[in-house]
Amino acid sequence: MLESEPEIYYPSFGEEGSHPADEARMRAILLTLEELGDSEQVENITQEWEHFKLILVDSPDGEYEYCYPNEILRQLAKQVIKVWEKVGLVPYHKQPDSKDNLPFLMRKAWQKFHDNPIEYTKWETKTVTELQSVLLKDTNY
């Protein structure tokens, strides 16, 4: 998460925040992936998320579940997918595997980072250089 509240269950009922609670946003992401049929990613992310939650002292209050019920988050996920399809966006997992496709490169970067974090910066530097040459080949930069 690039920016987060100190508590993953904030805001809850009667509280205000600039975004929904981090925990609810994560559930929305996982439900969207589930709707897309990406059970492997759901399992991997859920495992990491549950591990992350174990190191926190935060817990939901008694009314938290009323603020972010799963069924509403699932409906949100379905609506997001419908909008993607309507405007012609290609889901991340259906992106073509090419060196000039940013969604593919982002997915590959994430995988490379987790597979071998020590060698990641070498791969990243090489890949960015290759991408720059592809993107700038028809320009005067």
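Parameters at a glance
Residues numbered from 1 in each chain as written. Predicted model: local features only at pLDDT ≥ 70, side-chain atom pairs only at ≥ 80, totals over all residues. Heavy atoms only, no water. Helix = DSSP H or I, 4+ residues; strand = E, 2+ residues; numbered from the N terminus. Buried < 20%, exposed > 50% of the residue type's maximum accessible area, 1.4 Å probe, protein only. Axes fitted to C-alpha atoms, helices over the stretch in contact; angles between N-to-C directions. Parallel < 35°, antiparallel > 145°, perpendicular 65-115°, else oblique. Left-handed = near helix turned anticlockwise from the far one by under 90°. Contact = heavy atoms within 4.5 Å. Phe/Tyr/Trp six-rings, centres within 6.5 Å; stacked < 30°, edge-to-face > 60°. Expected span 1.5 Å × (residues − 1).

A.B. asks: Where do I start with the environment of Val 134 in this structure?
C.D. replies: Along the polypeptide, Val 134 turns up in helix α6 (residues 117–136). Here Val 134 falls in the partly exposed class, since its relative accessible area comes to 34%. The sequence separation of Val 134 and Asp 100 amounts to 34 residues, and the corresponding C-alpha distance is 6.7 Å.

A.B. asks: Looking at this model, I keep getting lost on the packing of helix α5 (residues 102–115) against α6. Mind explaining?
C.D. replies: The N-to-C vectors of α5 and α6 enclose an angle of 160°; their axes lie 8 Å apart at closest approach. Judged by the angle between their axes, α5 and α6 are roughly antiparallel. By crossing handedness, the relation of α5 to α6 is classed as right-handed. Of the residues in α6, those in contact with Leu 102, Leu 105, Lys 108, Ala 109, Lys 112, Phe 113, His 114 and Asp 115 of α5 are Pro 117, Tyr 120, Trp 123, Thr 127 and Leu 131.

A.B. asks: Would you mind showing me how to read the packing of aromatic side chains here?
C.D. replies: What the rule picks out here adds up to four aromatic pairs. The interplanar angle of 35° and the centroid separation of 5.8 Å between the aromatic rings of Tyr 120 and Trp 123 together place this pair among those described as tilted. With Tyr 120 and Trp 123 both in helix α6, this residue pair falls three residues apart, about one helical turn. One aromatic cluster is present, formed by Phe 113, Tyr 120 and Trp 123 through successive ring pairs.

A.B. asks: When you look at α6 in this model, what are you seeing that I'm missing?
C.D. replies: Working note: α-helix, 3.6 residues per turn, so residues spaced by three or four point in the same direction. Relative to the 28 Å expected for 20 residues at 1.5 Å per residue, α6 spans 28 Å between its end C-alpha atoms, a close match to the ideal helical length. The complete set of buried residues in α6 reads Tyr 120, Trp 123, Thr 127 and Leu 131. Taken together, the buried residues of α6 touch α5.

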